[in-house]
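Okay, here's what each chain looks like letter by letter:
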Amino acid sequence: MGLLATFLLPAVSAEASAPLRTHAAAKGKFIGAALATGPLSNETAYRNIAATEFNQVTAENAMKWDSTEPNPGQFNFSGADAIVDFAVQNDQQVHGHTLIWHQQTPGWVQGLSASAMREAIERHISTVVGRYADNPAVVSWDVVNEVFEENGNFRTSFWYNTLGQSYIADAFRAARAADPDARLCINDYNVEGINAKSTAMYNLVRSLRQQGVPVDCVGFQSHLAIQYGFPNDLQQNLQRFADLGVQVRITELDVRMQMPRDSSKDATQATYYRNVVNACLAVAACAGVTIWGFTDKHSWVPDTFGGEGAALIYDENYQKKSSYDAVHDTLASGSGTDDTTPPTTPGTPTASNITSNSATLSWSASTDSGGSGLAGYNVYREQGSTDTLLGQTSTNSITLTGLTPDTEYQVYVRARDGAGNLSGNSPTATFTTEEGPSGGGGCTATGTVQTEWQNGYVVQPVTVTNTGTTAIDGWTVTFTLPAGHTLAGSWNATLTVSGQTVTATNAAYNGNLAPNASTTFGFQVNRPNGDTQTPSGYTCA
Ligand code: XIL
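Residues numbered from 1 in each chain as written. Predicted model: local features only at pLDDT ≥ 70, side-chain atom pairs only at ≥ 80, totals over all residues. Heavy atoms only, no water.

Caption draft 1: Layout of the state of the cysteines. Counted under the stated rule, the structure contains 3 disulfides. In this model Cys-280 forms its disulfide with Cys-286; the gap between the sulfur atoms is 2.0 Å. Disulfide Cys-280 to Cys-286: torsion about the S-S bond roughly -100°, handedness left-handed. Given a relative accessible area of 2%, Cys-280 falls into the buried group. Given a relative accessible area of 2%, Cys-286 falls into the buried group. (Disulfide = S-S within 2.5 Å. Buried < 20%, exposed > 50% of the residue type's maximum accessible area, 1.4 Å probe, protein only.)

Spelled out as C-alpha cells, the structure:
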C-alpha cells in the first residue's frame, strides 16, 4: 500500500515540499514554535517536528521567573537549558521569554518594597540574561510583557503599583547591560490591530527610544480566535512600529475556535494563519512568526478558554491541518518580500512660510509600483555623514517646527512604501530661517518636567537665559506639544497655542534680562492616558 501510493503520487519538487523553516529562511524570516519541556523530553514525534519544521524556538514556560528562581537566590535552569541545548543542536535561534511579567512571578517578588524589588529585578535580569549572553543561539528577549490594559492605561500590576512606570526603562537597561548584543523586545496581546492599546504601546516605544532606552523590538502575541474576526490592519500596524526604527515580530500566534472542530472552521483558521504570515512577509522589519506550540495535543488554549481549542497547525495526533498548509504555502510563495521595488524619487522640495523656527516644505509626489503602496515620506537635513531625520509625513508636504533661528538648512526627501523600501534622495533644497526678534541678543530656553502622572504633567522650570552680550527687553519661547496634549495652565508667562505649537511671551515683570541673566516660567498639560511623551523643541527668540 505504501509503495502503490508512492508510485501514484504526482512528483512534488523537493523545494515545494520542504519544511516550513526552509521556506522561511529563503524569505529571510524565522518560523518558530513555543516549546514545552515535558513533551520535548519524552515524545519523539514532538521532538522530530520541533527540530525539522522550525528555525526558531521560545520556551513556553521554562524561562519565566517562577521556573528560574522559585525561592530567593535558588536558581533552577534545567528546563531553560534543555530548550537552549535543543535549539543549539538543531541550528535554531532562541527568543528568551519573559523577564518581567505580572504572571508566573513568584510570590516572594510581588511583596517586596520598592528598593528591594528594584534589586530583585536587577539580579534576576543579570542572572538569566547573563547565563546565555555568550550563547550565539539566544538572540533576543521579551524584557517586559503585557504592561498595558485594554484602554491603553498602564496595567496596575504589582510592578506598576510598587515602582510606577520606571520599572520598564530600568528592565531594558538591565537587559542591555547583561547582554549588549541581544535584541530587546516589549511584548503584548490584543495589539495586532490599530487600537487604544497598540497606540499606547506605540507612544511608549517612541518615547523610550527618544530617551535612549534600548527598546529594539516589539512583539505582537497574536492569540487570535476565528469567532472574533481577523485584525485586517495588522500589516499597517506592524509597519507603523517598523517606521519607528524597531524590529517587529509575531511572538505567540495561535488561532482558536469554539469546539467541536469542523472543516469550515479549519478553513477559516487557515486563512488567519495565511494572513498573519503574509503580513509579516510584507513588512521588511518583521523578523518572523512564532506559533504558540504546534500540536493541539499540547496547547494552553483548552486550559485557558472554556470550550475552545484546536488552535494550532498539527492536530493532537501530530497530523498536519489545513493551517499547516496555509503557513507552508504562504512562506513558499507569499507575495510579501517580492516587493523590493522602491517608490520613485520625490521632486525637489520648495520651502515656504519660513519663520525663525519653522518652515513648510512641499514636493511633487512619488508613485509606487511594487505592490505594497506608497506609505509616506521621510524628510532629512543634509549634514555630512550624519543626516538627521527632521520629520515624517504621509502627504507630499510637511511643516517643520523647532528649527533654529538664522540657520541655513539643506533638506531632502525620500519616499517610503508599505514594504519599507526607501526611494532615492530628492534633490536638496536650501532655506535659511529668519532671525529671532531680538537679533544680536540671543537667548536659550530649556524645559524640565517637574512631575508627571498618567494623563498629565508639569513643566517647571522653563529657564530662559540671555546668551547675548546686550540686555533684552522681551522674549518669546516656542515649543511643540505632542499630538493630543492640551495646555491646562501656566504661570510667569503668557501662552498661546496654534495647532501643537505653543508660543510663550514674557510677563510684564520678567521680560528684561541682562546678559547671562535668567528667568523662569512654568505650565501644566493634560495628555491621553498612558502617553508618556512630553514637549520638545524649545527655542527662544
Ligand atoms: C502561557 C503558557 O502557554 C501556559 O502553559 C501557562 O500556564 C501560562 O502562560 N501570554 C504570554 C505567554 O506571554 O507566556 C502565555 O503562556 C500565554 C499568554
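Caption draft 2: Looking closely at the sheet that holds strand S15 (residues 397-400). The strand order across the open sheet built from 3 strands is S11-S12-S15, with neighbouring strands paired in antiparallel fashion. Looking at the sheet topology across the chains shown, the edges are occupied by strand S11 (350-352) and S15. Geometrically, the sheet is characterised by an average inter-axis angle of 25° between neighbouring strands, direction not taken into account. Two strands pair when backbone bridges link them, and strand S12 (residues 359-362) and S15 are joined in this way by 4 bridges, in the antiparallel orientation. Each bridged residue has a counterpart across the sheet, and for Thr-360 the counterpart in S15 is Thr-399. (Pairing = 2+ DSSP bridges. Helix = DSSP H or I, 4+ residues; strand = E, 2+ residues; numbered from the N terminus. Axes fitted to C-alpha atoms, helices over the stretch in contact; angles between N-to-C directions.)

Caption draft 3: Representation of the site of the ligand within the structure. Looking at the ligand, there are 13 residues lining it, with Glu-60, Lys-64, His-97, Asn-145 and Glu-252 nearest. In the environment of the ligand, an oxygen atom lies 2.7 Å from a nitrogen or oxygen atom belonging to the side chain of Glu-252. In isolation the ligand has 420 Å² of accessible area, and contact with the protein removes 80% of it. Classifying every residue of the shell around the ligand gives 3 nonpolar, 6 polar and 4 charged. (Near = heavy atom within 4 Å. Polar contact = N/O pair within 3.5 Å; in protein donor to acceptor, adjacent residues only side chain to side chain. Areas by Shrake-Rupley, 256 points an atom, 1.4 Å probe, with all protein chains shown as cover. Nonpolar A, V, L, I, M, F, W, Y, C, P; charged D, E, K, R; others polar.)

Caption draft 4: Expanded view of the sheet that holds strand S23 (residues 493-498). Read across the sheet, 4 strands follow the order S23-S24-S21-S27 without closing on themselves; strand pairing throughout is antiparallel. This sheet does not close on itself; its edge strands, each paired only once, are S23 and strand S27 (536-540). The sheet shows a mean angle of 20° between the axes of neighbouring strands, direction not considered. Bridge analysis of strand S21 (residues 476-480) against S27 gives 3 bridges, and the strand direction is antiparallel. The residue bridging Thr-480 from the neighbouring strand is Ser-536, located in S27.

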